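# Residue-level structural notes
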Amino acid sequence: MAPVPPTRRIRTTLIAALVLVFSSFKVSAADRFITVASTTSTRNSGLYDHILPLFTEATGVTIRVVAVGTGQAIRLAKAGDADVLFVHHRPSEEAFVRKGFGVKRYDVMYNDFVIVGPKADPAGAAKQNAAAAALTAIAKANWPFTSRGDDSGTHKKEMGLWRAAGVNTAKSAGEWYRETGSGMGATLNTASAMNAYALTDRATWLKFANKGELTIVNEGDKSLFNPYGVILVDPKKHPHTKVKNGQAFINWLISDAGQRAIAAYEINGQQAFFPNVKSAN
Amino acid sequence: MNPRADILPLVLDDVSFEINGMRLIKDLSCTFEAGPRTAIIGPNGAGKSLFLRLCHGLLTPSAGTIRWAGPDGANSVTAQAMVFQRPVMLRRSVAANVDFALKLRDHGKPDRTVIIDEVLGRCGLRRLKDNPARVLSFGEQQKLALARAWALKPQVLFLDEPTASLDPAATHAVEEIVQAIHHEGTRIIMTTHDLGQARRLADEVIFLHRGRMLEYAPTETFFTEPKNDLAQAFVKGELLWWKLGKDNRRAGGYEIDKAPRRRN
Amino acid sequence: MNDISDAFAAAFAMVAGFDKDLAEIVGLSLEVSLSAVFIATVIGLPLGAATALFRFPGRKVIIVVLNAFMGLPPVVVGLIVYLLLSRAGPFGVLGLLFTPTAMIIAQVILVTPIIASLTRQVMEDLWREYEEQMRSLGAGPVRSLTALLWDGRFSLFTAILAGFGRASAEVGAVMIVGGNIDHATRVMTTAIALEVSRGDLALALGLGLILLVLSTCVNGAAFLIRDAAQKRHA
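Just so you know, the residues in each chain are numbered from 1, in the order the chain's sequence is written. Chain letters and ligand numbers both follow the written order, the letters beginning at A and the numbers at 1. In keeping with the model being predicted, local features are shown solely for residues with a pLDDT of at least 70 and side-chain atom pairs are shown and tallied solely at 80 or more, while totals for entire chains, interfaces and linings include all residues. Side-chain metrics rest on all non-hydrogen atoms present in the structure, leaving aside hydrogens and water.

Let's shift gears to the overall build of chain A. Helix and strand counts for chain A come out as 11 helices and 12 strands. Counting across all 281 residues of chain A, residues that qualify as buried make up 53%. In this description, contact between two residues means that some pair of their heavy atoms is separated by no more than 4.5 Å. A separation threshold of at least 6 residues defines the contact pool for chain A, and within that pool the share at least 24 residues apart is 75%. Every accessible area reported is derived by Shrake-Rupley at a probe size of 1.4 Å, with residue values counting cover from the shown protein chains alone. A total accessible area of about 12,100 Å² is found for chain A, and carbon and sulfur atoms account for 57% of it. Helix and strand assignments follow DSSP, with helices taken as H or I runs no shorter than four residues and strands as E runs no shorter than two, numbered in order from the N terminus. Only protein chains enter the calculation, and the probe is 1.4 Å; a residue is then buried if its accessible area is under 20% of its type maximum, exposed if over 50%, and partly exposed in between.

With that settled, the discussion passes to unusual backbone geometry. Residues and elements named next belong to chain B. Between Leu 8 and Pro 9 the backbone carries a cis peptide bond, its omega angle lying at 5°. Mapped onto the elements of the fold, Pro 9 is located in the segment before β1 (10-19). Of note in this structure, Asn 20 is not a glycine but carries a positive phi near 50°. Within the fold, Asn 20 resides in the loop between β1 and β2 (22-32). Looking at Asn 20, the relative accessible area reads 78%, which means it is exposed.

All right, on to the environment of B:Phe51 then. Inspection of the secondary structure assignment puts B:Phe51 in helix α1 (residues 48-56). For the pair B:Phe51 and B:Leu28, spaced 23 residues apart in sequence, the C-alpha separation works out to 9.2 Å.

This part takes up the sheet that holds strand β4 (residues 63-68) of chain B. Residues and elements named next belong to chain B. For two strands to be treated as a pair, DSSP must find no fewer than two bridges joining them. Here three strands make up an open sheet; going across it, the order is β2-β1-β4 and the pairing antiparallel. Pairing within the sheet leaves two strands with one partner each, and these edge strands are β2 and β4. The mean angle between the axes of side-by-side strands here comes to 20°, regardless of whether they run parallel or antiparallel. Both β1 and β4 contribute to a ladder of five bridges, which runs antiparallel. Paired with Asp 13 across the strands is Thr 65, a residue of β4. Set on the sheet, α1 makes contact with β1, β2 and β4; between it and β2 the angle comes to about 60°. Fitted lines through C-alpha atoms serve as axes, helices being fitted only where they are in contact, and the angles separating the N-to-C directions of these axes extend from 0 to 180 degrees.

The topology assignment puts C:Asp151 in helix α6 (residues 141-151). Polar side-chain contacts of C:Asp151 include one of 2.6 Å to the side chain of B:Arg92. Not counting chain neighbours up to four residues away, the residues in contact with C:Asp151 comprise B:Leu90, B:Arg91, B:Arg92, C:Leu126 and C:Tyr130. Between N or O atoms, a polar contact is any pair within 3.5 Å; within protein, one atom must be a potential hydrogen donor and the other a potential acceptor, and residues adjacent in sequence are included only when both atoms are from side chains.

Our focus in this paragraph is the packing of helix α2 (residues 20-53) of chain C against α6(C). Residues and elements named next belong to chain C. Following both chains from N to C, one finds α2 and α6 inclined at 115°, their axes separated by 10 Å at the closest point. Once α2 is placed against α6, the crossing between them reads as right-handed. In contact with Leu 45, Pro 46, Ala 49, Ala 50 and Leu 53 of α2, α6 contributes Ser 144, Leu 145, Leu 148 and Leu 149. Throughout, a crossing is termed right-handed when the near helix is turned clockwise from the far one, and left-handed when it is turned anticlockwise from it by less than a right angle.

Residue and element names in this part refer to chain A. For every residue, the predictor assigns a confidence score, pLDDT, that lies between 0 and 100. Averaged over all residues, the pLDDT of chain A equals 88, while 88% of them reach at least 70. Taking the mean pLDDT of every element in chain A, the minimum, 59, falls on helix α1 (residues 6-23) and the maximum, 96, on strand β3 (residues 84-87). Predicted confidence for residues 26-30 stays below pLDDT 50, and this span has three contacts to residues more than four positions away or in other chains.

The biggest cluster of nonpolar side chains holds 117 residues, and the ones touching the most others in it are A:Leu85, B:Leu120, B:Leu144, B:Leu146, B:Leu157, B:Phe222 and C:Met123. It is helix α5 (residues 100-137) of chain C that provides the largest number of residues to this core, a total of 15 residues. Among the nonpolar cores identified, the runner-up in size contains 31 residues, and A:Val36, A:Met109, A:Val230 and A:Tyr265 belong to it. The term nonpolar core refers to a set of buried residues drawn from Ala, Val, Leu, Ile, Met, Phe, Trp, Tyr and Cys, joined through side-chain atoms within 4.5 Å.

Before going further, it helps to spend a moment on helix α9 (residues 188-197) of chain C. Counting buried positions over the 10 residues of α9(C) gives eight, a clear majority of the element. Listed in full, the buried residues belonging to α9(C) are C:Met188, C:Thr189, C:Thr190, C:Ala191, C:Ile192, C:Leu194, C:Glu195 and C:Ser197.

For the rest of this paragraph, the subject is the packing of aromatic side chains. Working definition: a ring pair exists when centres of Phe, Tyr or Trp rings (six-membered ring for Trp) sit within 6.5 Å. Plane angles under 30 degrees give stacked, over 60 give edge-to-face, the rest tilted. Applying the stated criterion across every chain yields a total of 20 aromatic pairs over all chains. Centre to centre, the rings of A:Tyr110 and A:Phe225 are 5.1 Å apart; their planes meet at 45°, and the pair counts as tilted. With A:Tyr110 in strand β4 (residues 102-118) and A:Phe225 in strand β9 (residues 225-233), this residue pair connects regions lying 115 residues apart in the sequence. Its relative accessible area of 28% is what places A:Tyr110 among the partly exposed residues. When the centroid spacing of 6.2 Å and the interplanar angle of 55° are considered together, the rings of B:Phe32 and B:Phe51 count as tilted. In this pair, B:Phe32 is assigned in strand β2 and B:Phe51 in helix α1, connecting sequence segments 19 residues apart. According to the relative accessible area criterion, B:Phe32 is buried, its value standing at 0%. Two limits define a charge over a ring: the Lys NZ or Arg CZ must be within 6 Å of the ring centre, and within 35 degrees of the ring normal. Lying across the ring of A:Phe33, A:Lys242 places its NZ or CZ 3.7 Å from the centre. Its end group placed over the ring of C:Trp150, C:Arg153 keeps NZ or CZ at 3.9 Å from the ring centre.

Here the focus is the pattern of salt bridges. Residues and elements named next belong to chain B. Salt bridge criterion: a side-chain nitrogen from Lys or Arg within 4 Å of a carboxyl oxygen from Asp or Glu. Scanning all chains against the criterion turns up 34 salt bridges over all chains. Two residues, Asp 99 and Lys 103, come together in a salt bridge whose shortest N-O distance is 3.6 Å. Separated by four residues within a single helix, Asp 99 and Lys 103 lie in helix α3 (residues 94-104), roughly one turn from each other. Overall, the relative accessible area of 2% leaves Asp 99 in the buried class. Measuring nitrogen to oxygen at the nearest pair gives 3.7 Å for the salt bridge that ties Asp 130 to Lys 129. Taking relative accessible area as the criterion, Asp 130 reaches 44% and is therefore assigned partly exposed. Looking at Lys 129, the relative accessible area reads 29%, which means it is partly exposed.

The next thing to look at is the sheet that holds strand β6 (residues 156-160) of chain B. Residue and element names in this part refer to chain B. Reading across from one edge, β5-β6-β7-β3-β8-β9 is the order of the six strands in this open sheet, with mixed pairing throughout. With partners counted over all chains shown, the strands left at the sheet margins are β5 (80-83) and β9 (212-218), one partner each. Between one strand axis and the next, the sheet turns by 15° as a mean value, whatever way the strands run. Most of the contacts of helix α6 (residues 168-183) go to strand β7 (residues 187-191), to which it runs at about 150°, and overall it touches β3 (37-41), β6 and β7. The strands touched by helix α9 (residues 229-236) are β3, β8 (204-209) and β9; relative to β8, the strand with the most contacts, the crossing angle is about 105°.

What follows is about the confidence of the model for chain B. Looking at chain B as a whole, its pLDDT mean stands at 85, while 87% of the residues score no less than 70. Two summary scores accompany this predicted model of the complex, namely pTM at 0.80 and ipTM at 0.83.

For the rest of this paragraph, the subject is the environment of B:Arg112. All names here are of chain B. Among the structural elements, Arg 112 can be located in helix α4 (residues 109-122). C-alpha separation for the pair Arg 112 and Phe 100, spaced 12 residues apart in sequence, amounts to 9.6 Å. Not counting chain neighbours up to four residues away, the residues in contact with Arg 112 comprise Asp 99, Leu 102, Lys 103 and His 107.

This next bit is on the packing of helix α3 (residues 47-59) of chain A against helix α10 (residues 243-254) of chain A. All names here are of chain A. Direction vectors running N to C along α3 and α10 enclose 120°, while the axes themselves pass 11 Å from each other. Considering how the two elements wind past one another, α3 and α10 form a crossing that is right-handed. Here Ile 51, Leu 52, Leu 54 and Phe 55 of α3 lie close against α10, whose contacting residues are Ala 248, Phe 249, Trp 252 and Leu 253. Of the residues that constitute the contact of α3 with α10, the class distribution is eight nonpolar, no polar and no charged. Throughout this entry, Asp, Glu, Lys and Arg are counted as charged residues, while Ala, Val, Leu, Ile, Met, Phe, Trp, Tyr, Cys and Pro are counted as nonpolar. The remaining residues, Gly among them, count as polar.

To continue, consider the environment of C:Gly92. Mapped onto the elements of the fold, C:Gly92 is located in the loop between α4 (74-85) and α5. Distance from C:Gly92 to C:Gly44, taken between C-alpha atoms, is 26 Å for residues 48 residues apart in sequence.

Next comes the structure, spelled out in structure tokens:
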């Protein structure tokens with residue numbers, strides 16, 4: 001046998017690897033953070049990158065944003081996997097509070113949805129003032145429309161608009177009506193590739209880089225109003241909820257400082273979200 | 001546990017072995033005393049390898065008993081070794097192959113170094129000790145298998161066709177090593193299809209045919225005047241499956257159950 | 001394709017500028033995947049070897065399950081781990097959801113079957129060759145198993161690399177259980193998914209290129225080590 005047995009060398013290497021691996025587990029328990037279940041629209045728009053550092057700087061509390069569709073965000077919060085819910089579908093939010101999952105809903109800000117579509121606007125959606133009428137025109141033209149189809153706030157809003165337009169999209173699913181079953185970005189990527197119409201929130205649209213031939217074809221209708229609400233998960237339901245820091249975050253969002261920070265966020269020179277605490281209930 | 005306690009004689013009593021209802025070893029009884037070298041010969045399919053594996057404990061008999069002497073059955077395991085027809089080389093260096101076997105016998109490190117050096121030297125492998133075992137020539141691999149077995153200083157060494165695919169030079173080297181191991185007091189029990197090798201190496205010969213022991217005799221006697229007519233034919237180099245038939249139903253006192261219906 | 005040249009430019013700019021966020025994401029990716037592969041190796045090698053060498057009750061079930069799990073969609077694994085670690089789930093009190101530990105757990109579940117199954121195949125072939133010799137030498141189960149693992153180390157290395165490949169490439173599981181939280185659980189693959197959803201295809205592809213280079217480096221280093229060792233021991 002050679003003087004140094006290979007087994008011993010391997011053993012040493014293994015131990016070294018072990019030490020390396022386990023020392024790399026960062027102990028982050030001491031960090032002060034809260035988890036916020038929120039929407040892809042706010043994350044993708046870049047709003048959080050702008051406002052969260054300001055909050056952390058002021059309080060020392062880190063915000064961990066899990067950005068998913070509104071429907072999934074609500075489920076996360078219901079399961080107790082988040083401390084704060086920050087989404088945009090008012091009826092669902094109110095139901096969340098009513099059922100005892102949330103303490104109280106606060107208005108924070110709003111922006112609006114827009115209908116985007118091909119520059120040539122083959123369905124003539126731009127000629128309609130009302131959003132529902134624009135959708136009716138798209139349905140009549142049988143021009144492709146990509147839907148989130150993922151139970152998100154945007155999807156819920158879209159379904160409401162189709163109902164108002166009197167169009168049963170289920171009948172046309174897979175034909176001109178295409179459900180992507182994915183996030184806003186993926187849906188817009190699909191729309192861009194298919195030169196299709198789609199409903200999106202304005203902030204995501206402003207930030208979206210793969211617009212292709214698409215442009216805004218319908219905007220400004222009252223029905224396209226898109227309010228965001230923030231709710232603390234009720235500690236009575238989930239005792240581990242970080243009430244103090246969670247409420248601190250909410251208080252900051254609705255404070256002058258938070259509202260100014262939201263208003264100051266611009267994408268390509270355009271304001272993306274509009275603070276609306278004065279209309280708080 | 002004292003590995004030096006004698007495990008011989010080895011007694012086989014009415015041993016049979018069958019697979020899927022086919023009896024491959026039939027009613028075999030014999031005793032191996034310490035001392036002589038035994039060659040087991042016979043045509044292909046006679047059951048020579050099975051016989052060795054049964055003795056070595058790699059197979060369990062379907063009927064009958066195989067008993068080693070000594071106070072403790074466990075002794076028998078550590079006091080035996082076997083070299084296979086196709087040498088099984090661990091994917092390690094030549095020295096590490098021997099070292100592995102020694103570690104299994106709980107030899108201490110200094111002890112192992114000395115033994116490895118000794119057996120590799122005696123088998124002519126010392127200069128190859130750091131080479132990977134699996135890139136050795138076939139003959140060198142067989143020598144290493146012998147060295148590995150030798151290092152264990154077994155009381156009994158089983159060899160299954162140790163020179164089956166070797167050229168004359170390598171065969172000679174292997175036979176020399178087997179002799180040397182024997183001279184150190186190890187009981188040799190080997191199979192071979194090489195009658196010359198049986199003459200050169202063995203003190204006694206067992207002739208197996210179709211799972212039966214047809215003759216067990218001193219080498220001298222076996223080759224000059226085999227009692228069994230099948231053994232006679234084998235010694236003369238005839239093809240045994242051809243010789244089988246009605247006339248040969250009784251041979252050397254053993255019943256031959258059936259003439260073969262097909263060649264194996 | 002403009003995007004592709006843009007991607008190379010983006011990748012180069014990120015690497016050249018030694019973006020701090022990028023370094024953090026790359027570091028976490030390696031930490032999560034290497035930890036998962038390490039743990040999966042510690043579990044998978046003995047498990048695979050044991051199913052190859054020994055006959056014990058439940059062995060066939062384990063083999064079938066391991067083989068089936070090799071093709072498990074990461075999203076499904078992610079979902080299962082999510083349900084287990086969710087506050088509403090059985091291990092909710094541990095508070096592991098949306099942490100790197102959760103991501104490692106999910107990847108261990110993804111990678112262990114691959115390592116164990118490939119190990120079993122390697123070990124079965126080797127055992128066919130070794131079994132009689134091991135028994136002849138009087139090697140017990142543990143000694144046989146360790147000897148086989150050692151002698152099969154070069155083939156097993158490939159099995160481990162296959163596991164690393166799956167861990168470092170998957171996005172479904174770490175997205176669900178990690179949450180793709182900036183500065184906490186964002187790794188290369190979830191960062192790529194994020195940039196795709198932002199429509200920044202060039203940046204996404206740039207990150208993809210960096211991931212490719214990283215993965216190539218890990219595999220290349222592993223190959224060189226293996227090659228050097230094999231030359232010495234074969």
